[in-house]
Amino acid sequence: MTPEQLQSLRFTLRSPRRLKTEALAGLVVALALIPEAIAFSVIAGVDPRIGLFASFTMGVTTAIVGGRPAMISAATGAVALVIAPVMKDHGLNYLIATVILAGVFQIVLAVLGVTRLMRFIPRSVMIGFVNALAILVFMAQLPELIGVPWMVYPIVAVGLLIVFGLPRITTAVPAPLVAVVALTIVTTLAGIRVPTVHDKGELPNSLPGFFLPNVPLTWETFQTIAPFALSMALVGLLESLLTAKLVDDITDTRSNKARVSWGQGIANIVTGFLGGLGGCAVIGQTMINVKGSGARSRLSTFLAGGFLLVLVVALGDVVGMIPMAALVAVMIFVSLITFDWHSIRPATLKRLPKSETGVMLVTVAVVVATHNLAIGVGAGVLTAMVLFARRVAHFATVERSELELNGRTVASYTVDGELFFASSNDLYTQFDYAKDSSEGIDHVVIDLHASHIWDASTVAVLDSVTEKYRRHGREVELVGLNAASVRMRERLAGKLNAG
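This is a predicted model, so every value here is computed, not measured.

A.B. asks: Just to check I follow, could you spell out the packing of helix α2 (residues 16-44) against helix α11 (residues 283-292) for this structure?
C.D. replies: For any two helices packed against each other, one specifies the crossing angle of their axes together with the interaxial distance. For the pair α2 and α11, the least separation of the axes is 9 Å and the interaxial angle reads 165°. In this view, α2 runs roughly antiparallel relative to α11, as classed from their interaxial angle. In the crossing of α2 with α11, the sense of the turn from one axis to the other is right-handed. Note on element contacts: α11 touches α2 through Gln285, Ile288 and Asn289, opposite Ala25, Gly26, Val28, Val29, Ala32, Leu33 and Glu36. Of the residues belonging to the contact of α2 with α11, the class tally is six nonpolar, three polar and one charged.

Next up, the structure:
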């Protein structure tokens, strides 16, 4: 840890109130992680214990080496979906090897500076990402509300009443924790028969041990697992970096995104060698930790992993008694507080450009349709790029005027705007070649002081303009180019339109 992080941790440990907040937040997160880790294990086709161990090791490791305090990392559905085919086609040893290789890829990507690409994700895509996550969290609770005993519904209603109502009375104890404990006690003492955590799968009764995947160390093995490992690395980094940015905004603090990246890589390597499923940041439990419980330090993340292990190994019988309806109420609460309601208010939609709203809706729609955050965010970024290019393509304008210089009539064209492949394609048609050839124009000047050449497409278009005037017997002079544009034109002019 850095000196600043150690100082922050010492402050937390010396403050009883802060220590209580962090500890209780970690306990709530641990309880919320259990059913999801089991569900993600089912998606990946592995024993539930493998998903639970992954949530423990990911949480504890990122608490130590990660770059975003209070962010929760664990087994996730996005990662499970990516590597499920490996388990199906090749078995557990290849799956664990894939997790370890994905961790290596994440470290390499961090070293290569992949985190700098975050600056190209527009705000509208971020909002779409958050809203889509909220919708997915809510949708994930629906199977627990269909075809179940009728008592599930009043339990969920009471749980929602507690998590929304208790903070109005007191914040001494996290409302989600009160809801889970109170509803577990009531359903157990009253003998109410509803689905419980125990019904989701068997909990482990021992600690995770060292696991060395039994796969041949050959090029063929690498070719088999590398595509899945790279996909897992990219999906995990994207979800983790976006979640870290969201926590930055909520807490008004900055995090080390490069450390977030390689921290996730180390966590996946550790998880793999302990026989875990692997994972990344989980926005639902992170929102429980940061927004629902008020946690701010690494201690809550570390304790979430520690409590999870204690709960499932030492207190498995007690944890198994928790009604799923109580956890459903907590996760519905998480989805509602995660969703950016301001983004869909009529007043907001009226003020925002339609393109911004469109990008947000595309992101939400693709994420919800594919259940894949990486695909949704990629679609949102691509949509934003296309709409931006289309919008700025019309910003380049050309104004014509005639001047008398040294007894010669000169046609002067002033180009205003950014010149790149989208805008420069229209540039060629904005010069009046016929008029400049028939009205005694001796010289053509193209003034580029109010523009900038960004790419080879623009250089090629200017070459075409110059060549067309030359065929009409007129010489063209380019003036006003800035230094960067001059260098690009000197490097490429006359070399792009050759037959």
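Let us keep going from here.
A.B. asks: What is the right way to look at the layout of surface pockets in this model?
C.D. replies: Computed from the structure, the largest pocket encloses a volume of approximately 700 Å³. Along the wall of the largest pocket there are 29 residues; nearest its centre are Glu36, Phe40, Gly77, Leu136 and Ala140. Every element with two or more residues in the lining of the largest pocket is listed here: α2, α4 (77-90), α6 (123-141), α11 and α14 (324-338). When residues in the lining of the largest pocket are grouped by element, the largest group, six residues, is from α6. The space that makes up the second largest pocket amounts to roughly 480 Å³. Around the second largest pocket, the lining comprises 20 residues; the ones closest to its centre are Pro122, Ala384, Met385, Phe388 and Ala389. Top contributing element to the lining of the second largest pocket by residue count: helix α17 (residues 373-392), with nine residues. Residues belonging to the lining of the second largest pocket are distributed by class as follows: 14 nonpolar, two polar and four charged.

A.B. asks: Would you mind going over the sheet that holds strand β4 (residues 408-419) with me for this structure?
C.D. replies: Two pairing modes exist for strands in a sheet, parallel and antiparallel, and in both the strands are linked by backbone hydrogen bonds. Within the open sheet, the four strands sit side by side as β3-β4-β5-β6. Their pairing is mixed. With one partner strand each, in any of the chains shown, β3 (397-405) and β6 (475-479) form the two edges of the open sheet. Between one strand axis and the next, the sheet turns through 25° on average, direction left out of account. Where β3 lies against β4, nine bridges are found, and the strand directions are antiparallel. Following the sheet pairing, glutamate 404 is matched in β4 by threonine 409. Along the sheet, helix α20 (residues 456-471) contacts β4, β5 (443-453) and β6; its crossing angle with β5, the most-contacted strand, is approximately 175°.

A.B. asks: Explain unusual backbone geometry here, please?
C.D. replies: When glycine is set aside, most residues are seen to have a negative phi, and most peptide bonds are trans. Backbone geometry places alanine 70, a non-glycine residue, at a positive phi of 75°. Relative to the helices and strands, alanine 70 is located in the loop between α3 (48-65) and β1 (73-74). Unlike most non-glycine residues, aspartate 252 shows phi in positive territory, near 55°. Position of aspartate 252 among the secondary structure elements: in the loop between α9 (219-251) and α10 (257-273). Residue aspartate 252 is classed as exposed on the basis of its relative accessible area of 69%.

A.B. asks: In this structure, what is going on with empty space enclosed by the protein? I would like to understand it.
C.D. replies: Empty space among the atoms becomes apparent when a probe as large as a water molecule is rolled across them. Under the defined criterion, the tally for this structure stands at one cavity of 30 Å³ or more. In this model, the largest cavity occupies a volume close to 80 Å³. For the largest cavity, the lining is made up of 13 residues, of which Thr62, Gly66, Gly67, Arg68 and Met71 are closest to its centre. At the level of elements, α3, α10 and α12 (298-313) are the ones that each hand at least two residues to the lining of the largest cavity. Residues of the lining of the largest cavity, tallied by class, amount to five nonpolar, six polar and two charged.

Calculation notes
- Residues numbered from 1 in each chain as written.
- Predicted model: local features only at pLDDT ≥ 70, side-chain atom pairs only at ≥ 80, totals over all residues.
- Heavy atoms only, no water.
- Axes fitted to C-alpha atoms, helices over the stretch in contact; angles between N-to-C directions.
- Helix = DSSP H or I, 4+ residues; strand = E, 2+ residues; numbered from the N terminus.
- Parallel < 35°, antiparallel > 145°, perpendicular 65-115°, else oblique.
- Left-handed = near helix turned anticlockwise from the far one by under 90°.
- Contact = heavy atoms within 4.5 Å.
- Nonpolar A, V, L, I, M, F, W, Y, C, P; charged D, E, K, R; others polar.
- 1 Å grid on protein atoms, 1.4 Å probe; cavity = no way out; pocket = protein on both sides within 12 Å on 5 of 7 lines; lining within 4 Å.
- Points joined across faces, edges and corners; volume = space filled by probe spheres on them.
- Pairing = 2+ DSSP bridges.
- Buried < 20%, exposed > 50% of the residue type's maximum accessible area, 1.4 Å probe, protein only.

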